[in-house]
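# Structural overview for review
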Amino acid sequence: MSTMLKRLDKIRFRGQKRDEFLDLAESPNTSDTECSEDVVIKPRITVREPEELREEGELQMDVQAGPGSFPTALQDDPKTDLNHVKGLLEVALLEKHFFEEELRKFREESNVDLLKQELEKERCRRVELEQKMTDVLRARLDDSPSQSPKAPPPPPPAGSSTDKQRDTLSNSFLKWLNDCFGVYIEDFRFQPEETAVETEEPLSARRLTENMRRLKRGFRPVTNFKRNLSALSSWNSVYTSAIAFIVYMYAAWKGLAVPMFLFLAILRLSLNNLISRGWRIQWSIVPEVSEPVEPPKEDLTVSEKFQLVLDVAQKAQNLFGRMANILEKIKNLFMWVKPELTQKLYVGLWLAFIASCLLPFQLLGFIMGVYVGIKFFIIDFIFKSCPKLRRRFDTPYIIWTNLPTDLQLKERSNITLSRRVQPAGTRSNVSTAAPLGVSREEDGGRYYSTKRGAFHEVFNLSESERPLPVCENGWRCCLINRDRKTPTDYIRHGVLYVTENHLCFESSSSRSGSSKRNKVIKLIDITEIQKYKVLSVLPGSGMGISVATPYTLKPMIFGAMIHRDEAFDAIFSQYTKVVDKAKSTNPET
């Protein structure tokens with residue numbers, strides 16, 4: 001029995017080689033347990049080892065010993081031996097399946113078929129090229145004069161030598177052209193454009209701050225140029241502005257405005273070249289203010305990172321808001337959103353078109369140059385010095401300031417839809433054709449109201465008091481009156497407005513339009529106004545405004561205000577104007 005098991009173990013690791021079987025790609029799809037009769041195994045003569053021959057001899061001797069020896073051995077422990085043989089056969093089948101899978105994967109990865117196809121294509125191409133070369137050589141031999149073996153060849157005619165010379169000259173000329181201009185001609189070969197996919201960087205507070213600083217540094221030359229032009233127009237330096245005005249008007253009178261600007265551009269580039277080499281040259285009307293560069297911190301706490309992200313996000317929000325306002329105003333100007341404003345541009349374009357068709361180019365350029373000089377140096381200076389004249393006669397300023405953005409149009413449409421119709425009994429108490437409790441502007445084209453009625457009626461003010469343009473819809477916030485003890489009076493939610501002389505808070509919890517819970521503070525009575533942080537634990541500079549008056553023991557806090565900085569700037573600027581006006585009227589106080 002031991003000899004039989006040893007023989008089976010040898011059969012497991014011995015057998016036909018892999019190359020004796022058919023290729024897996026050519027063999028039919030059969031499972032490991034199925035048997036195919038179509039598969040033909042190629043016979044192969046192998047040299048057996050002496051040990052194998054000896055084992056076969058032993059096996060034959062065991063067989064010759066008699067039929068009773070093998071059954072006798074199996075009867076010793078038949079179940080165990082059969083299970084062992086079955087296990088060995090299963091292992092052999094699994095190994096066969098594993099080797100076939102490995103072979104299939106290896107052939108798929110190596111792409112042998114593709115390589116064979118490419119090799120066959122290259123062979124066909126080489127055969128075609130060889131055929132073409134033989135055809136060309138055969139054609140040349142046919143063109144040449146045939147040589148007869150009997151008679152000596154006749155002398156070549158003079159024309160054939162000249163043709164050969166021409167061919168050699170043309171070939172050398174073409175070769176020279178290819179050597180000189182072949183590289184440049186190769187550049188004009190059409191190729192499909194390669195699109196490179198840019199990898200997006202993950203969000204990082206430090207990277208965001210650095211990008212904002214780079215953007216600010218990139219815009220610095222543009223802002224400096226704008227400041228210098230504004231300083232020239234405002235006559236900050238009388239001598240510089242006077243010299244610039246005289247030089248420009250002389251150049252425009254002689255028709256040299258364009259060469260003058262080109263010369264200034266060349267001069268500026270030359271100065272930048274000297275500055276890049278280390279020269280200290282300052283050629284600006286307004287001195288540049290160098291901002292201190294903060295060294296980047298290596299380790300930031302969580303609150304510092306949060307505050308950093310908030311600051312950068314606020315700057316990005318304001319920058320994107322300004323850019324969006326400019327683009328939306330330009331779009332609304334050309335889309336006739338305000339017809340009375342677009343009509344002025346329309347008439348101006350027609351006049352410019354007619355003038356360009358009728359007037360000669362030199363006269364038209366002279367008129368435009370003189371007008372630009374007078375407008376920039378004289379008219380703009382007068383308008384900046386006299387704001388009332390600018391609001392009445394400066395047409396570009398009027399068009400640009402009155403152009404609405406999409407956000408303003410949306411807010412106005414919401415206000416129009418949210419207005420309530422005034423009851424018939426109270427309609428006679430209001431001015432003619434005015435909606436419920438709305439105050440009208442002096443030009444009679446606009447009304448102001450709150451959610452509970454007319455603005456001046458809600459706060460018991462005169463009709464001339466109206467919200468400033470910056471807070472037409474107010475700022476949502478909560479009033480914290482620390483003099484009160486009850487929770488309902490301690491904190492009130494509502495909307496904050498600022499007018500020319502008052503700071504008005506409309507409480508959202510007032511019932512039936514009662515104004516008892518509303519708050520009105522005169523700007524002249526405010527003793528102190530500052531930014532306030534309600535909860536010191538939270539990061540940032542806070543979202544509140546502290547207002548102190550003589551009538552309260554503790555300052556009132558307007559907290560939870562999203563646009564706190566914008567509201568503070570508007571309130572503080574109006575408060576400063578009121579205080580300065582009061583000081584000018586009563587200098588003794």
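Report on the accompanying structure. (Residues numbered from 1 in each chain as written. Predicted model: local features only at pLDDT ≥ 70, side-chain atom pairs only at ≥ 80, totals over all residues. Heavy atoms only, no water.)

## A look at unusual backbone geometry
Condition: What counts as a helix is a DSSP run of H or I of at least four residues, what counts as a strand is a run of E of at least two, and both are numbered from the N terminus.
One non-glycine residue, W235, lies in positive phi territory at about 60 degrees. Structurally, the position occupied by W235 is in the loop between α7 (205–234) and α8 (238–254). In this model, A560 sits at a positive phi of 55 degrees, which is unusual for a non-glycine residue. As for its placement among the helices and strands, A560 is situated in the loop between β10 (556–559) and α18 (564–585).

## Concerning the pattern of salt bridges
This is how it is decided: Whenever Lys or Arg places a side-chain nitrogen within 4 Å of a carboxyl oxygen from Asp or Glu, that contact is recorded as a salt bridge. Type-normalised accessible area, obtained with a 1.4 Å probe on protein chains alone, sets the label of each residue: buried when under 20%, exposed when over 50%, and partly exposed for intermediate values.
The full count for this structure, using the stated rule, is nine salt bridges. Measuring nitrogen to oxygen at the nearest pair gives 2.5 Å for the salt bridge that ties E101 to R104. Taken together, the positions of E101 and R104, both in helix α4 (residues 78–110) and three residues apart, correspond to about one turn of that helix. Classification of E101 as partly exposed rests on a relative accessible area of 27%. You can call R104 partly exposed: its relative accessible area is 35%. Taking the shortest distance from any N to any O, the salt bridge between R217 and E210 comes out at 3.5 Å. Accessibility expressed as a relative area gives 43% for R217, which makes it partly exposed.

## Observations concerning the packing of aromatic side chains
Formally: Here is the rule: rings of Phe, Tyr and Trp (six-membered ring for Trp) pair when centre to centre is within 6.5 Å. Planes less than 30 degrees apart are stacked, more than 60 are edge-to-face, and the remainder are tilted.
Taken as a whole, this structure holds 17 aromatic pairs when the rule is applied. Relative to F261, the ring of Y248 lies with its centre 6.2 Å away and its plane at 55 degrees, an arrangement referred to as tilted. Of this pair, Y248 sits in helix α8 while F261 sits in helix α9 (residues 257–276), and the two are 13 residues apart along the sequence. Judged by relative accessible area, Y248 falls into the buried class, the value being 9%. Classification of F261 as partly exposed rests on a relative accessible area of 47%. Each ring, one from Y248 and one from F377, has its centre 6.5 Å from the other, and the planes form 40 degrees; the classification is tilted. Of this pair, Y248 sits in helix α8 while F377 sits in helix α12 (residues 361–385), and the two are 129 residues apart along the sequence. Residue F377 is classed as buried on the basis of its relative accessible area of 6%.

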